[in-house]
Amino acid sequence: MSDRGGEPIGLSPNIRVYRYTKGQFFDCHYDDYNNVTLEIDSKPVQARTTWTLLLYLTSASEGCIGGETVFYPHDRQSAAEEIPVSLQTGMLLLHKHGDDCLLHEGREVRQGEKWVLRTDLCIKR
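Residues numbered from 1 in each chain as written. Predicted model: local features only at pLDDT ≥ 70, side-chain atom pairs only at ≥ 80, totals over all residues. Heavy atoms only, no water.

Considerations on the pattern of salt bridges
As a reminder, the rule being used: Each reported salt bridge corresponds to a side-chain nitrogen of Lys or Arg within 4 Å of a carboxyl oxygen of Asp or Glu. Helix numbering and strand numbering both begin at the N terminus, where a helix is a DSSP run of H or I of at least 4 residues and a strand a DSSP run of E of at least 2. Note on classification: 1.4 Å probe, protein chains only; a residue is buried when its accessible area is under 20% of the maximum for its type, exposed when over 50%, partly exposed between these limits.
Applying the stated criterion across every chain yields a total of five salt bridges. The shortest N-O distance in the salt bridge between Arg 19 and Glu 113 comes to 2.6 Å. Linking Arg 19 in strand 2 (residues 16–21) with Glu 113 in strand 12 (residues 113–124), this pair joins segments that are 94 residues apart in sequence. Residue Arg 107 pairs with Glu 82 through a salt bridge whose shortest N-O separation is 2.6 Å. Taken as a pair, Arg 107 in the loop between strand 10 (103–106) and strand 11 (109–111) and Glu 82 in the loop between strand 7 (69–72) and strand 8 (83–85) lie far apart in primary sequence, 25 residues in all. For Arg 107, a relative accessible area of 26% gives the class partly exposed. Its relative accessible area of 24% is what places Glu 82 among the partly exposed residues. Among the charged side chains, a network of salt bridges with common partners joins Arg 16, Asp 31, Arg 118 and Asp 120.

Shown next, in the form of structure tokens:
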């Protein structure tokens with residue numbers, strides 16, 4: 001088993017709420033893994049984050065225009081190869097991070113607000 005594989009044992013306790021307003025964006029980047037300690041059955045367990053988990057809390061129906069998450073499978077910004085993910089309220093987006101992360105960005109919000117809940121899936125180290 002590689003350091004990327006393994007059975008999920010929980011979610012990172014580092015839960016974030018992102019709010020983007022008109023004109024804001026998250027430029028191209030890669031998400032890296034983190035080592036964390038989870039408490040399971042009242043015992044500390046060493047874990048590593050392996051997947052980014054995004055829960056979209058807004059979409060066009062709430063007035064958010066733009067803000068798509070866009071992946072670039074060949075590590076370069078190419079409109080011909082981009083994979084855009086449109087916001088849908090309640091949709092969960094799960095993507096690998098660390099060495100297997102695809103280059104990605106959060107496009108500019110052109111109108112309204114984009115709200116996202118983010119945490120990470122963890123495996124035992």
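Now that the structure has been shown, we can carry on.
Let's talk about a nonpolar patch on the surface
Heads up, the condition is: Like-charged residues within 9 Å of one another, or nonpolar side chains (Val, Leu, Ile, Met, Phe, Trp, Tyr) within 5 Å, are grouped into patches, provided each residue has over 30% relative accessible area and no salt bridge. Computed with a 1.4 Å probe, the accessible areas rest on the Shrake-Rupley method; for each residue, only the protein chains presented here act as cover.
A cluster of nonpolar side chains, contributed by Val 17, Leu 57 and Trp 115, occupies part of the molecular surface with about 250 Å² of accessible area. For Leu 57, the position within the fold is in the loop between strand 5 (43–56) and strand 6 (65–66).

Focus on the side chain of Thr 49
Stated precisely, the cut-off is as follows: What qualifies as a polar contact is a pair of N or O atoms within 3.5 Å, subject to a donor-acceptor requirement within protein and to the restriction that residues adjacent in sequence count only when both atoms come from side chains.
Tracing the backbone shows Thr 49 in strand 5. Taking the relative accessible area as the measure of exposure, Thr 49 reaches 1% and is therefore buried. A distance of 2.8 Å separates a polar side-chain atom of Thr 49 from the backbone nitrogen of Asn 34.

Topic: the environment of Arg 19
Put simply, the rule reads: Should any heavy atoms of two residues lie within 4.5 Å, those residues are counted as being in contact.
Take Arg 19: its relative accessible area is 45%, and that puts it in the partly exposed class. Between the C-alpha atom of Arg 19 and that of Glu 113, which follows or precedes it by 94 residues, the distance is 6.8 Å. Aside from chain neighbours lying at most four places away, what touches Arg 19 is Gln 24, Glu 113, Lys 114 and Trp 115.

What to know about the packing of aromatic side chains
Think of a pair of aromatic rings as described by two things: how far the centres are apart, and how the planes are tilted against each other in angle. To keep things clear, this is the line we draw: Note on ring pairs: Phe, Tyr and Trp rings are taken, using the six-membered ring of Trp, and paired if centres are within 6.5 Å. Classes follow the plane angle, with under 30 degrees stacked, over 60 edge-to-face and the rest tilted. Two conditions define a charge located above a ring, namely a distance within 6 Å from the ring centre to NZ of Lys or CZ of Arg, and an angle within 35 degrees of the ring normal.
Within the structure shown, the criterion is met by one aromatic pair. Ring centres of Tyr 18 and Tyr 20 lie 6.3 Å apart, and the angle between their planes is 75°; on these two criteria the pair is classed as edge-to-face. Residue Tyr 18 is classed as partly exposed on the basis of its relative accessible area of 23%. Across from the ring centre of Tyr 20, 5.0 Å away, lies the NZ or CZ of Lys 114, which sits over that ring.

Remarks on the nonpolar core
The cut-off we apply is this: By convention a nonpolar core is built from buried Ala, Val, Leu, Ile, Met, Phe, Trp, Tyr and Cys residues, the set being connected through side-chain atoms within 4.5 Å.
In this structure, Tyr 20, Leu 54, Tyr 56, Cys 64, Phe 71, Val 85, Leu 87, Leu 93, Val 109 and Val 116 together form the largest nonpolar core, which totals 10 residues. For Tyr 20, the residues in contact, after removing those within four places along its chain, are Phe 25, Phe 26, Val 109, Gly 112, Glu 113 and Lys 114.

A closer look at unusual backbone geometry
Of note in this structure, Asp 41 is not a glycine but carries a positive phi near 50°. As for its placement among the helices and strands, Asp 41 is situated in the loop between strand 4 (35–40) and strand 5. The class for Asp 41 is exposed, based on a relative accessible area of 69%. Backbone geometry places Ser 42, a non-glycine residue, at a positive phi of 65°. Following the sequence through the fold, Ser 42 ends up in the loop between strand 4 and strand 5. Exposure remark for Ser 42: the relative accessible area of 67% places this residue in the exposed category.

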